[in-house]
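# Summary of structural features
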Amino acid sequence: MKNELADEGTVVPLREGKKRPKKPSNPMAKRENLVGWLFCSPIIIGILVFTALPVILSLISMFYDWNGRVFVTDAEMVGFENFKYVFTDSQHRYGLALKNMLVFAIQIPIGLFLGMFLGIAMNRAMKGVQTFRILYYLPSVMSIVAVTIVFQKLFDYGGYLNNLFGTKVGWLITDAGIGFTVNFLMIWKGVGYTALMYIAGLQSVSTDQLEAAKIDGANGWTVFYKITLPALYPITFYLLVTGIMGGLQVFNEPYILAEYGTNYNAITPVSYVYYFRDIKNGARYGVSAVAAWFLALLILIVTMIQMYFDNKKDKEA
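Residues numbered from 1 in each chain as written. Predicted model: local features only at pLDDT ≥ 70, side-chain atom pairs only at ≥ 80, totals over all residues. Heavy atoms only, no water.

With that settled, consider the overall build of the chain. For the chain, the count of helices and strands is 14 helices and four strands. Considering only contacts in the chain between residues 6 or more positions apart, those separated by 24 or more positions represent 64%. Summed over its atoms, the accessible surface of the chain is roughly 20700 Å², and 65% of this surface lies on carbon and sulfur atoms. (Helix = DSSP H or I, 4+ residues; strand = E, 2+ residues; numbered from the N terminus. Contact = heavy atoms within 4.5 Å. Areas by Shrake-Rupley, 256 points an atom, 1.4 Å probe, with all protein chains shown as cover.)

Shown next as structure tokens:
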């Protein structure tokens, strides 16, 4: 039995099982909580209806031959046939989509290198540098659809480039042509944003360290490699992670430029998902869901690998 001290030298027994008195209810607090939930309800309902429910339906639909005209569980259950179709299709469309995804990702390291070079070049106190920063950044805020249509007119078989130089290059109908065009477009559109991020990162580089290195006789390359580049690592890591995630989900540029092109030379995993969700093509939501979840798993794995090496580097530092 527990004891409770009342006064000095006095021990008052406390009966076991005695409940503490309840706090008096606060109507004002309840009203505030209710108002708070009411304000949050549109977001909660939106997440449940437009995120949670579609995710659940996509997981279920992987095992059904669902065309979207009936509820998913009313469709024919086909087990793992959708998985088999995605990875053993006679036309190997998903395999081509994954290959094209890698081809269109060539722009990621090139864009990082060019962005870093431009960022360093424009991080100087020279006349007109602000104008150059704006000009390079403008493509990043332009509509991707509008920009892609302009490039389509430029690189089309009968487009402006071929007419200007008197050539007949199949930029948008050959594998090499569509690969070059998509990568060139994505570099042109994203390099200004990358440069701006590097300019922001360069502002945090310690000028004391730079001056001390120059006093010690270090040349420009040594200063860049030993001081500037390590200071830019957080920016580089962020751009690399987001760039790879975006590159694995590329859709607008190749789809608008070539609309699959010849031999599916512009199909990507996302456009593959879109293709099988199109009613005109005989919608097969189960196939689309399998392809989408495989892409999501691939992005998760790549991101986890990047995070692993980043954490390993932090521990070694």
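Counting 19 residues, the largest nonpolar core has Val 86, Tyr 94, Leu 248, Tyr 272, Val 287, Ala 291 and Leu 295 as the members making the most contacts within it. Mapped by element, the contributors of at least two residues to this core are helix H3 (93-104), helix H11 (233-248), helix H13 (269-275) and helix H14 (285-316). Among the elements that take part in this core, H14 stands out by supplying six residues, more than any other. Tyr 94 has contacts with Val 86, Phe 87, Pro 269, Tyr 272, Ala 291, Phe 294 and Leu 295, leaving out every residue within four places of it along the chain. Leu 185, Val 250, Ala 258 and Ala 266 belong to the second-largest nonpolar core, a separate cluster that totals 13 residues. (Core = buried A, V, L, I, M, F, W, Y, C linked by side-chain atoms within 4.5 Å. Buried < 20%, exposed > 50% of the residue type's maximum accessible area, 1.4 Å probe, protein only.)

Moving on to helix H6 (residues 144-155). Taking 1.5 Å per residue as the helical rise, H6 with its twelve residues ought to reach 16 Å, and the 16 Å between its terminal C-alpha atoms agrees with that figure. Along its buried surface, H6 packs onto helix H7 (160-165), helix H8 (175-202) and helix H12 (252-258). (Expected span 1.5 Å × (residues − 1).)

With that settled, consider the confidence of the model for the chain. Summarising the model, the chain shows a mean pLDDT of 86, and 90% of its residues fall at 70 or more. Throughout residues 1-6 the model reports pLDDT below 50, and contacts reaching past four residues in sequence, or to other chains, amount to 15 contacts. (pLDDT = per-residue confidence, 0-100.)

Our focus in this paragraph is the pattern of salt bridges. Scanning the entire structure with this criterion turns up one salt bridge. For Arg 93, the salt bridge is made with Asp 89, and the minimal N-O distance between the two is 2.9 Å. The same class applies to Arg 93 and to Asp 89, which are both buried. (Salt bridge = Lys/Arg side-chain N within 4 Å of Asp/Glu carboxyl O.)

Okay, the packing of aromatic side chains next. Within this structure, the stated rule accounts for 25 aromatic pairs. Ring geometry for Phe 63 versus Phe 83: centroids 5.7 Å apart, planes at 40°, classification tilted. Of this pair, Phe 63 sits in the loop between helix H1 (27-61) and strand E3 (64-65) while Phe 83 is found in helix H2 (residues 81-88), placing the two residues 20 residues apart along the sequence. Both rings, one in Phe 151 and one in Phe 155, keep their centres 5.8 Å apart while their planes meet at 15°; by these two values the pair is stacked. Of the two residues, Phe 151 and Phe 155 are both situated in helix H6; the distance of four residues between them amounts to about one turn of the helix. An aromatic cluster of three or more residues is present, and its members are Tyr 85, Phe 87, Tyr 94, Tyr 272, Tyr 275, Phe 276 and Phe 294. For the cation-ring pair, Arg 284 lies above Tyr 85, with the distance from its terminal atom to the ring centre recorded as 4.3 Å. Positioned over the ring face of Tyr 233 is Lys 313, at 4.2 Å from the centre of the ring. (Phe/Tyr/Trp six-rings, centres within 6.5 Å; stacked < 30°, edge-to-face > 60°. Lys NZ or Arg CZ within 6 Å of the ring centre and 35° of its normal.)

Okay, the side chain of Lys 189 next. By the secondary structure assignment, Lys 189 is in helix H8. In this structure Lys 189 is buried but unpaired, with Glu 253 as the nearest side chain of opposite charge at 6.7 Å. Once you skip the residues sitting within four places of it in the chain, Lys 189 turns out to touch Pro 139, Ser 140, Met 142 and Ile 144. (Lys, Arg positive; Asp, Glu negative; His and termini not counted.)

It is worth spelling out a nonpolar patch on the surface at this point. On the surface, a cluster of nonpolar side chains totalling about 710 Å² of accessible area is made up of Leu 297, Leu 300, Ile 301, Met 304, Ile 305, Tyr 308 and Phe 309. Within the fold, Tyr 308 resides in helix H14. (Patch = residues over 30% accessible without salt bridge, like charges linked within 9 Å, V, L, I, M, F, W, Y side chains within 5 Å.)

Residue Phe 151 is classed as buried on the basis of its relative accessible area, which comes to 7%. Sequence separation between Phe 151 and Leu 185 is 34 residues, and the spatial gap between their C-alpha atoms is 7.5 Å. Each residue touching Phe 151, except ones within four places of it in the same chain, is listed here: Phe 184, Leu 185, Trp 188 and Leu 257.

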